[in-house]
Amino acid sequence: MSPVIASGLGAVVGALVALLVLTLVRRRRTPPPPEVPDFPVADLVSILDAVRAGATLLGPHDDIVCANETAEKMGVVRGTRVVIPALLDLVRDVRRDGEMASVNLDLKKGRGRTATGAQLSVRVLPLSLGRVFVVADDRAQALRMRESSRNFMSNATHELKTPVGAISLLAEAAREAADDPEAVGRFTGKIMAESQRLTDLISQIITLSKLQGESPLAAAEPVEVNQFVSLALDRCRQLADARDVSLTSSLQEGLWVLGDPGQLVTAVSNLVTNGIAYSDARGRVVVSTRTSMVDGVEHVDVAVSDNGIGIAPEDQARIFERFYRADYARSRETGGTGLGLSIVSEVAEGHGGTVTVWSRLGSGSTFTLRLPSVAAPDTEPEEDQ
Ligand code: ADP
């Protein structure tokens, strides 16, 4: 940034800070901040860099006073100029009228087959002395989310229709077989299984939609890893016995993470349930906990290993998608809904962690839930006052 331009910046910085603060707190009404007479230019650069959107401050002659990297990556600015003619026109209108304006822009970068598109939502705000502030958000991400929730709705409807349709056909068959008690018993048994399936499906859809609306770290508490892992193991023991699968653990003591205990129990239970469901009789599922270092940060790994059917490489890339099953028949036979792993993935993400899979067809799988570790809370008894 040129020192000449920078020297004229002090006067607008107060107004700019106010605008940025307003943007960051989502337009919550706050009293205006006090004047900041010697606001260093370096601080302005840091503020713009901290804004996730593309942020650009333009001078009175459309010159770029300051722009963050995102604005450059989005193609809003190149070098010292704004390169989108429609945006430049809007900047001039806003400067002339003194009123904020917004526009959606569909940009095309490059040519021919290598061309890529960007869909931006841009707001342009007038400042003092002919300066203008431009904030650009990537609309493609919002559009992707809308598309994904539309897909989810149509998949969920389809999935719900299957057991409902089956129940209706089975009830009809049971009525027609009224004078054959054995057949009636068979049909009602199937009706009960389909009702259970419907209940599981509804409860997992509710779990998933709750997870999407909540941020577990907002009200997180320190949770001892072995405690939530042991609760998950208890929850799955009956299923393991019923399927003749051995369930064992190897747990490191004294590991803690920050999070929502209920969600963490659900995530580990889902992994263990799958380990059992996709193993044959006399299979083995082992749950272990230990620490690992990632980029100098200590994490806790909860690994769930089985020696079951394994997952083909092409399926490994998709199993965390909602309703995706590598083997539909097996998932149906074991009461699967196709949502278990997407719930684990949501929980991991909400806790600032990850879930990954290693697997080989015919040999088994290991799923690892990795969460940032925290120090054990201080358990020293408080001294009497
Ligand atoms: P489901 O309810 O069908 O088990 P999930 O989301 O839990 O749904 O898992 C998605 C798919 O991933 C499963 O249908 C199955 O094909 C595969 N899968 C998950 N865990 C395992 C495992 N431990 N071993 C083999 N396949 C697995």
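The preceding data block contains the structure.
Quick caveat: nothing in here was measured; it's all calculated off a predicted structure. Sequence order as written defines the numbering, with residues in each chain counted from 1. A pLDDT threshold of at least 70 governs which residues receive local features in this predicted model, and a stricter bar of 80 or more applies before side-chain atom pairs are shown or counted, although totals over entire chains, interfaces and linings include all residues. With hydrogens and water excluded, all non-hydrogen atoms of the structure serve as input to the side-chain values.

Caption draft 1: Highlighting the overall build of the protein chain. Numbered from the N terminus, helices here are DSSP runs of H or I no shorter than four residues, and strands are runs of E no shorter than two. Secondary structure summary: the protein chain contains 12 helices and 14 strands in total. Exposure classes here rest on a 1.4 Å probe applied to the protein chains alone. A residue is buried below 20% of its type maximum, exposed above 50%, and partly exposed in between. For the protein chain, the proportion of its 385 residues judged to be buried stands at 38%. Residue contacts are defined here by distance: any two heavy atoms, one from each residue, within 4.5 Å place the two residues in contact. Counting contacts in the protein chain only where the partners sit at least 6 residues apart, residues at least 24 apart contribute 62% of the total. Looking at the protein chain as shown, the accessible area adds up to about 22100 Å², and 53% of this sits on carbon and sulfur atoms. All accessibility values rest on the Shrake-Rupley procedure with a 1.4 Å probe; residue burial counts only the protein chains present in the view.

Caption draft 2: How the structure looks around the packing of helix 8 (residues 225-242) against helix 9 (residues 261-277). Note on geometry: axes are C-alpha line fits, over the in-contact stretch for helices, and angles between N-to-C directions span 0 to 180 degrees. Two numbers describe how helix 8 lies on helix 9: the axes approach to 8 Å, and their chain directions differ by 35°. Considering the relative orientation of helix 8 and helix 9, their crossing is right-handed. Across from Phe-228, Leu-231, Ala-232, Arg-235, Cys-236, Leu-239 and Ala-240 in helix 8, the residues of helix 9 making contact are Pro-261, Leu-264, Val-265, Thr-266, Val-268, Ser-269, Val-272, Thr-273 and Ile-276. Residues that form the contact of helix 8 with helix 9 fall into these classes: 12 nonpolar, 3 polar and 1 charged. In a left-handed crossing the near helix is turned counterclockwise from the far helix by less than a right angle, and in a right-handed crossing that turn is clockwise. Just so you know the grouping, Ala, Val, Leu, Ile, Met, Phe, Trp, Tyr, Cys and Pro go in nonpolar, Asp, Glu, Lys and Arg go in charged, and all remaining residues, Gly too, go in polar.

Caption draft 3: The arrangement of the site of the ligand in detail. Near is defined per residue: the residue qualifies when any heavy atom it owns lies within 4 Å of the molecule or strand. Close contacts around the ligand come from 21 residues, with Asn-274, Tyr-278, Ser-331, Thr-337 and Leu-341 the closest. Between N or O atoms, a polar contact is any pair within 3.5 Å; within protein, one atom must be a potential hydrogen donor and the other a potential acceptor, and residues adjacent in sequence are included only when both atoms are from side chains. Asn-274 is positioned with one of its side-chain polar atoms (N or O) 2.8 Å from an oxygen atom of the ligand. Interatomic distance of 3.2 Å between a backbone N/O atom of Gly-340 and an oxygen atom of the ligand. Computed on the free molecule, the ligand has an accessible area of 530 Å², of which 97% lies beneath the protein chains in the complex. If you list the elements that add at least two residues to the shell around the ligand, you get helix 9, helix 12 (340-350) and strand 14 (364-374).

Caption draft 4: The arrangement of the packing of helix 6 (residues 139-176) against helix 7 (residues 181-213) in detail. Where helix 6 contacts helix 7, the axes come no closer than 9 Å and their chain directions differ by 165°. The angle between helix 6 and helix 7 places the two elements in the roughly antiparallel class. Judged by the sense of rotation from one axis to the other, the crossing of helix 6 with helix 7 is left-handed. The residues of helix 7 that touch helix 6, namely those facing Phe-152, Ala-156, Glu-159, Leu-160, Pro-163, Val-164, Ala-166, Ile-167, Leu-170, Ala-171, Ala-173 and Ala-174, are Val-184, Phe-187, Lys-190, Ile-191, Glu-194, Ser-195, Leu-198, Leu-201, Ile-202, Ile-205 and Leu-208. In terms of residue class, the contact of helix 6 with helix 7 is built from 19 nonpolar, 1 polar and 3 charged. Roughly parallel means an angle under 35 degrees; roughly antiparallel means over 145; roughly perpendicular covers 65 to 115; every other angle is labelled oblique.

Caption draft 5: Quick peek at the packing of aromatic side chains. Aromatic rings from Phe, Tyr and Trp, taking only the six-membered ring of Trp, are treated as a pair when their centres fall within 6.5 Å; an angle between ring planes under 30 degrees marks them as stacked, one over 60 as edge-to-face, and anything in between as tilted. If you walk through the whole model with that rule in mind, you get 2 aromatic pairs. Ring geometry for Phe-152 and Phe-323: centres 5.7 Å apart, planes at 20°, overall stacked. Of this pair, Phe-152 sits in helix 6 while Phe-323 sits in the loop between helix 10 (313-316) and helix 11 (328-333); the two residues are 171 residues apart in sequence, bridging distant segments of the chain. Overall, Phe-152 belongs to the buried group, its relative accessible area being 12%. For the pair Phe-320 and Phe-367, a centre-to-centre distance of 6.2 Å together with 70° between the ring planes defines the contact as edge-to-face. On the criterion of sequence distance, the pair formed by Phe-320 in the loop between helix 10 and helix 11 and Phe-367 in strand 14 is long-range, its members being 47 residues apart. On the basis of relative accessible area, Phe-320 is assigned to the partly exposed category, the value being 21%. Against the face of Phe-187 rests Arg-186, its NZ or CZ located 5.7 Å from the ring centre. By definition here, charges over rings are those cases where NZ of Lys or CZ of Arg is within 6 Å of the ring centre and within 35 degrees of the ring normal. Cation over ring: Arg-322 sits above Phe-152, and NZ or CZ is 4.9 Å from the ring centre.

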